[in-house]
Amino acid sequence: MILQHYLKEVKKGDVSIKKTVKAILREAKTLNKKHHCFNIISEDLALSQAEKQEKEPKGRLAGLPISIKDCICVKDVESRAGSEILKDYVPPFNATVVKKLVDEGAIIIGKTSQDEFGFGSFSTNTDNIPKNPLDTERSCGGSSGGSACFTQLTKHPHASISESTGGSIANPASFCGISGLTPTYGLVSRYGLIDYANSLDKIGIMSKTTEELSPIFDVIKGHDKKDSTSLDISSNSNNEVKKIAIIKEAFEIDPKIKDIILSNLEDYDVISLPLTKKYAIPTYYLIAMAEASTNLAKYCGLRYGSTLPLKGSFNQFFSEVRSKYFTKEAKRRIILGTFARMAGFRDAYYLKAMKTRTLIINEYKKAFKKYDVLISPTMPILSPKFSEIKKLSPLENYQMDTLTTGPNIAGLPHLSVPTNSIGKLPVGTLLISNHLEEDKLLNFGRKIEEK
Amino acid sequence: MKIGIEIHVQLNTKSKVFCSCTTQSSEEPNTNVCEICGGFPGSKPVLNKETLQQGIKVALALNSKIASETFFSRKSYFYPDMTKNFQITQYETPFSINGKLDNIRIKRIHLEEDPGALIHKGSTCLIDYNRAGIPLIEIVTEPDFKSPNEVRLFLRKLITILEYLEVYTRKSEATMKADANISTTGEKVEIKNITGLKEIERALNYEATKQKETPAKKQETLGWNSDKGITYLMRTKETEDDYGYIYDPDLVKIEIPKELVSKLKSQIPELSLDKSSRFKKQYKLNKEDAEVLASEQKLAEIFEKVAEKIDPDLAAKWLIRDLLKIINYNKTTINEIKLEVKHLIELLGLFQQGKITDKTVKDLLIELIKEPFSPKEYIKKHNLEIISDSGNLEKLCKEAIKEQPKAVKDYKEGNEKSIYFLTGQVMRKSKGTANPKEVEKILKKLIR
Ligand SMILES: [Zn+2]
C-alpha cells in the first residue's frame, strides 16, 4: 500500500515530490553499484519532471517514481535493450506506455538491466548482469531482472514497467519475491517497445505487492492506433473468482515448492493440460526465434547504434558489426530463427509452430469454460547461483521457461505472486486467467498475499 | 515464345504505406523519413487504408478476385537501401488473385513497400530513404505473352487503366519497374529490375532475339544494362523461399468486407476499353479514332464535350490529327495545356460554318494551348474571316495575274499545276482568309 499511500499524500500536499525523487535516485545509484539493476539512471529527466510535478502535481500518478525496462523507448534517454549493438542509441520518441505514464505525472528514474533483447531466463546474456536482491551470488531471473531487483530493494514508492515474451515478468518477479503482472496480449500498446518477438511481446508491471499494480495498470492499458495489434476493447471488470484449478503437470517439480504453493490454496480442482506441457516450449522458441531473427536484422551499424569504420562490401561490413556487438545468445537465436523459416524447413518448423500455438490456446480456452483462475508455480526451481547457470546447456536454459511459456504463447494474462520463501529464497505462485480477465488475477493475488 | 512479367507500380497516395510521411518527392535527401519508415527500434507499421483501396480498384479493373482477408509478410534480405533489412510485402495471401486483361491472365496482385534509393557518386554510395515506404503494387501475369510487342501493348493499356483510376502518376520512368521471364525453345530466363516502359520493351526485344538464335540451356537470372542495351548474367536462380518469409507479426489480419469492394467498384470510372467501344457506336467513329480518343481520360472528356456541339467526325479529326500533334510538338501533355473546351467549341464552330480556313484553326490551336482567349474576338480583331465577297477576291486575283505573267502563260499552254501556284499567291494576299476553291474558280474564269 506504500504506493497508493504516497499518491494520496501527494494529492494532499503532505509530501515533497522533489525530496522523494532525489532520495530514490540516491538509493538507485547506491544499489546499482552492488546489484547492477540499472543500465542508466535518468537523473536529469527525473529531476526536471519532479520539478514540474512539485510545482503543480497533475495526473493519476503525480510524482510517482517509475523505472522502465531498457527495451522500452524513453525519448532522449539511452535505450539499448541490454545490447551493446544499441549502445548510445537515444530514441527520438517515447513509447506509448512512457507517454501515458508521464502524462499522468509519473517520474522516469532510469532504464533497468535485462538480457540482451530479452533473450534469457537469468539476465546473464548481457554486459550488465543484475544480482539477486537476497543473495548477490544468485540470479534475479530474466529477462526483466533489473526491474524485479530494484522493485524488491527500494524503500520508496515505486513501480517498474517491464516486458514479457515467454515469462520475462513472472520469472524475475518470482526469483526476487515481488508481484509481476503480464497483461493480455494487445491490452497494453507495444509502440516503442524494442521488439523481441512481436506476436508474443507484452508490456507489464512489477511492484512489491499485487495491490500496487492496479493504479499503474489502469494508466497503461488501452487502445493505441499506432500499434495495429492493440486491442480496441477494455478488460473485463468482473473480478469474482468462483472456481480455481491447479495445473497437474506444472506440479511435477521440487516437492518443497509444491507444498508451499498448495498450502496457500483451498477448494481447488486439478486439471491436466497435456498439450501445453508437451508443446509450449518448442512452439514458443520456434515462433520467438523466427520473429527475433527478422527483428534483429535492422541492427547493422548503418543508421544508429554501434558501428565500425566503413570497409569492404556492405555484406562484410554488416557481418563484422553484428559479429562484434551481439552476444552469443543473440547469435544463436538469429541462426536458429533463420533456419526455422528457410526454404524446406518453413513448413516443418515455423508454420507448424503457428498451428500448434492454436492448439495450446484452445486447450486453455476449454479450461476457462469451467475455471476462473488456473494455478501453477511460476518457476520449477529457486533462483540458481551464477556458477550453476554457467553449467547449463542452452537446452537446459530454455527448459527454465517450462511453466511460463504456456500462458505467454496463448497471450493470456498472468500474475506471479510472492508466496513465502525457502530459506531466504522466495517462491512465486503463477495465476493465469482468460483473456482480459486481469481483474480476477489482481483480486485473487491479493488474497494469496494476505495469507 | 512465352513471356510473363511482374510489374511494380508506385501508387500515388498522399502518404506512405505504413506511416504518415508524404510521398511527394523531395530535393533534400532523407527529409521525408520518420521513425517508422526509417526502421527505428520500437516503431511499428500501421497500414494506410488508402493504399489497399487503390490496390483493390486496380484489381477490380483487371477483373481479379478480391480476397476477403489478407496478411502482410516480411521478406528478409540484407541490403543498404532497406531500413529494416526486411521488406513488408505479401506472400501467401495477396489481396487479389486470378485476374485477366484481354487474353493475358493475371496471377496475383499484392501490396508492398518501396525501399530507399542508392545514389552512387564516384567511389562512394549515398542512401536516400525518402522513397522508403512508398506504396507499390506488384502485378504478376501468367506467361501468356507471345512476343515483346504484346507486352508493350499490354503495359500501354495497363498504364491507361491506372491513369483512369487516378492511382498512378507518370512522373518519372522510375515509377514503373518490371521483372520479366522469357522462354523460347530452351529454359526459362528471368530479367530482373528493368526500370521504365521503354526499357522493358528494349530488354525483352534484346533477349527474345538472343534466345531465338541460342536458346538458354539452363535457368538463369539476368540483369539489364540500359546503357549498353544488353542483358548480363546476375546469379543462379534463387527460389522465393530463400527470403525466409514470415507473417509480419506487427500487422494483423486485414479484412476486406464485401461492402467495401462494391463501394470501390462503383467508384471505378468507365475504363478506356468500354469507352472506345461506346465512342464507336455512339459517335459512329472508326475503331482507330475511337481508341485514340479513349486512351486518355482528359482527351476523351474534351472530345465528348466538343461532340455535343460540333460534328463528332470533325471534332475527332481535329483532336487526333492536329491537337495531339501540336501537343507532342510542344513537348507537353493533354493534362497540362491551357486550352479551354468552350474556346475549342467556338473555334471549330466557326470552321464548321465555313467562316475560317483550315490554316486559321491550326494557327489558333497553337496559341490556345498556351493561353486561353476567345477565338471569335481574335478572328474579328485580326480580320481572319474568309473573304467571301467575290468583288474583293476578284481584285486580288487580278493583281496576281498581273504580277505572274509566266504562270498565266504556262497555264494557258496546258500546265494545270500553274493554277495552284497562282491560287497560293492570292491566298497569301488574303492572309489565308480566302477560300482556295473559290479563288481557283475566279482565276480560271479570269484567265480564260
Ligand atoms: Zn515515415
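The shown structure was predicted, so the numbers you read here are calculated from the model rather than taken from an experiment.

## Digging into unusual backbone geometry
All names here are of chain A. With omega at 5°, the peptide bond leading from Gly 142 into Ser 143 counts as cis. Checked against the element boundaries, Ser 143 lands in the loop between β5 (135–139) and α5 (145–153). Within the chain, Phe 117 stands out as a residue other than glycine whose phi angle is a positive 55°. Looking at the element boundaries, Phe 117 is found in the loop between β3 (107–112) and β4 (131–132). Despite not being glycine, Asp 267 has its phi angle at roughly 55°, a positive value. Along the polypeptide, Asp 267 turns up in the loop between α8 (255–263) and β10 (268–271).

## A few points about the coordination of the zinc ion
All names here are of chain B. Coordination sphere of the zinc ion, protein contribution only: Cys 19 (SG), Cys 21 (SG), Cys 34 (SG) and Cys 37 (SG), at 2.3 to 2.4 Å. Seen from the zinc ion, its four donor atoms lie at angles of 102 to 114°, and the figure they make is tetrahedral. Going along the chain, you hit the donors of the zinc ion in the pattern C-x1-C-x12-C-x2-C. Here the residue Cys 21 occupies a position in the loop between β1 (2–10) and α1 (49–61), and Cys 34 occupies one in the loop between β1 and α1, the gap between them amounting to 13 residues. For Cys 34, a relative accessible area of 22% puts it in the partly exposed group.

## Side note on the domain arrangement of chain B
Taken domain by domain, chain B comprises domain 1 (2–170 + 238–265), domain 2 (272–381) and domain 3 (390–447). Using only C-alpha atoms to locate each centre, domain 1 of chain B and domain 3 of chain B end up separated by 66 Å.

## As for the pattern of salt bridges
Any two side chains of opposite charge can pair if their charged atoms end up close together. Residues and elements named next belong to chain B. The full count for this structure, using the stated rule, is 52 salt bridges over all chains. Here Arg 152 makes a salt bridge to Glu 201, at a shortest N to O gap of 3.4 Å. With a gap of 49 residues between them, Arg 152 in helix α2 (residues 148–164) and Glu 201 in helix α3 (residues 197–213) connect regions that are remote in the sequence. By relative accessible area, Glu 201 is classed as partly exposed at 24%. The partner of Asp 179 in a salt bridge is Lys 192, and the shortest N-O contact between them spans 3.8 Å. Taken as a pair, Asp 179 in strand β11 (residues 176–183) and Lys 192 in strand β12 (residues 189–195) lie far apart in primary sequence, 13 residues in all. With respect to class, Asp 179 is no different from Lys 192; both count as buried.

## Thoughts on the layout of surface pockets
Residues and elements named next belong to chain B. In this structure, the second largest pocket occupies an estimated 1800 Å³ of space. Thr 160, Glu 163, Arg 170, Ser 295 and Glu 296 are, among the 47 residues lining the second largest pocket, the residues nearest its centre. At the level of secondary structure, the elements contributing two or more residues to the lining of the second largest pocket comprise α2, α3, α5 (272–283), α6 (287–294), α7 (297–309) and α8 (312–329). Looking at the lining of the second largest pocket element by element, the count peaks at ten residues for α2.

## Quick word on the sheet that holds strand β5 (residues 86–89) of chain B
Pairing is antiparallel across the open sheet formed by three strands, whose spatial order is β5-β4-β15 (chain B). In this open sheet, the two edge strands, each paired with only one partner strand, are β5 and β15 (246–247) of chain B. Across four bridges, strand β4 (residues 73–76) of chain B lies against β5(B) in antiparallel orientation. When the sheet's bridge partners are listed, Ser73(B) is paired in β5(B) with Thr89(B). Contacts from helix α9 (residues 274–295) of chain A reach β4, β5 and β15 of chain B, with the element oriented near 60° to β4(B).

## A closer look at the side chain of His343(B)
All names here are of chain B. For His 343, the position within the fold is in helix α9 (residues 341–352). Looking at His 343, the relative accessible area reads 8%, which means it is buried. His 343 has contacts with Leu 368, Pro 372, Phe 373, Ser 374 and Pro 375, leaving out every residue within four places of it along the chain.

## A closer look at the environment of Leu187(A)
Residue and element names in this part refer to chain A. Take Leu 187: it is sitting in the loop between β7 (179–182) and β8 (202–207). For Leu 187 and Ser 230, which are 43 residues apart along the polypeptide, the C-alpha to C-alpha distance reads 6.1 Å. Sequence-distant contacts of Leu 187, defined by excluding residues within four places in its chain, comprise Phe 217, Lys 221, Gly 222, Leu 231, Ile 233, Ser 235, Leu 436 and Glu 438.

## Re the nonpolar core
By size, the foremost hydrophobic cluster in this structure holds 126 residues, and its most contacted members are Ile72(A), Leu101(A), Phe117(A), Ile161(A), Ile216(A) and Leu374(A). With eight residues, the top contributor of residues to this core is α9(A). Non-local contacts of Ile161(A), meaning those with residues more than four positions away in its chain, are made with Ile66(A), Ser67(A), Ile68(A), Lys69(A), Ile72(A), Leu101(A), Ser147(A), Ile203(A), Gly204(A), Ile205(A), Ile216(A) and Ile220(A). With 103 residues, the next largest nonpolar core counts Leu111(B), Leu204(B), Leu260(B) and Phe373(B) among its residues.

## Points about the state of the cysteines
Counted under the stated rule, the structure contains zero disulfides over all chains. With no disulfide of its own, Cys176(A) lies 4.2 Å from the sulfur of Cys140(A), the closest cysteine sulfur.

## Brief notes about the interface of chain A and chain B
If you look at the interface, chain A gives 40 residues, while chain B gives 36 residues. Summing both partners gives a buried area of about 2900 Å² for chain A against chain B, and 58% of it is carried by carbon and sulfur. Considering only the surface of chain A that becomes buried against chain B, Ser228(A), Arg303(A) and Arg346(A) emerge as the three largest contributors, covering 19% of it. Our enumeration of links across chain A and chain B arrives at three salt bridges. Between Arg346(A) and Glu92(B) there is a salt bridge whose closest N-O contact spans 2.6 Å. Between the two partners, chain A and chain B, sit 20 residue pairs in polar contact (both at pLDDT 80 or more). Listing elements by their share of the side of chain A that touches chain B, those giving two or more residues are α9, α10 (314–325) and α12 (347–368) of chain A. Split by residue class, the side of chain A that touches chain B holds 21 nonpolar, eight polar and eleven charged.

## Thoughts on the side chain of Thr405(A)
Residue and element names in this part refer to chain A. Relative to the elements of secondary structure, Thr 405 occurs in helix α15 (residues 405–409). At 3.0 Å, the side chain of Thr 405 and the backbone oxygen of Asp 401 are in polar contact. Beyond its immediate sequence surroundings of up to four residues, Thr 405 is in contact with Gly 166, Ala 280, Ile 281 and Tyr 284.

## Side note on a nonpolar patch on the surface
All names here are of chain A. On the surface, Phe 339, Met 342, Phe 345 and Tyr 349 cluster together to form a nonpolar patch covering roughly 330 Å² of accessible area. Residue position: Phe 339 is located in helix α11 (residues 328–340). Overall, the relative accessible area of 36% leaves Phe 339 in the partly exposed class.

## Description of the pairing of strand β9 (residues 124–128) of chain B
Residue and element names in this part refer to chain B. In the sheet, strand β8 (residues 117–121) pairs with β9 via five bridges, with the strands oriented antiparallel. Residue pairing for β9: Lys 121 is matched across the bridge by Thr 124. Where β8 folds back onto β9 in an antiparallel hairpin, the turn is made up of two residues, including Gly 122, whose phi is positive at roughly 60°.

## Focus: the sheet that holds strand β2 (residues 65–69) of chain A
Residue and element names in this part refer to chain A. Read from one edge to the other, the open sheet built from eleven strands follows the order β1-β3-β2-β6-β8-β7-β12-β13-β11-β9-β10, with strand pairing classed as mixed. The open sheet terminates on both sides in strands that have one partner only, identified here as β1 (38–41) and β10. Across the sheet, the mean angle separating the axes of adjacent strands is 30° when strand polarity is ignored. Two elements, β2 and strand β6 (residues 159–164), share three bridges in a ladder whose sense is parallel. By the bridge assignment for β6, Ser 67 is matched with Ser 160.

Cut-offs used in this document
Residues numbered from 1 in each chain as written. Chains lettered and ligands numbered in written order. Predicted model: local features only at pLDDT ≥ 70, side-chain atom pairs only at ≥ 80, totals over all residues. Heavy atoms only, no water. Helix = DSSP H or I, 4+ residues; strand = E, 2+ residues; numbered from the N terminus. Donors = N, O, S within 2.8 Å, 3.2 Å for Na, K, Ca; no water. Tetrahedral: all angles 85-135°; square planar, octahedral: opposite > 155°, others 65-115°. Buried < 20%, exposed > 50% of the residue type's maximum accessible area, 1.4 Å probe, protein only. Domains from an automatic or database assignment. Salt bridge = Lys/Arg side-chain N within 4 Å of Asp/Glu carboxyl O. 1 Å grid on protein atoms, 1.4 Å probe; cavity = no way out; pocket = protein on both sides within 12 Å on 5 of 7 lines; lining within 4 Å. Points joined across faces, edges and corners; volume = space filled by probe spheres on them. Pairing = 2+ DSSP bridges. Contact = heavy atoms within 4.5 Å. Axes fitted to C-alpha atoms, helices over the stretch in contact; angles between N-to-C directions. Core = buried A, V, L, I, M, F, W, Y, C linked by side-chain atoms within 4.5 Å. Disulfide = S-S within 2.5 Å. Buried area = accessible area lost by both parts, 1.4 Å probe. Polar contact = N/O pair within 3.5 Å; in protein donor to acceptor, adjacent residues only side chain to side chain. Nonpolar A, V, L, I, M, F, W, Y, C, P; charged D, E, K, R; others polar. Patch = residues over 30% accessible without salt bridge, like charges linked within 9 Å, V, L, I, M, F, W, Y side chains within 5 Å. Areas by Shrake-Rupley, 256 points an atom, 1.4 Å probe, with all protein chains shown as cover.

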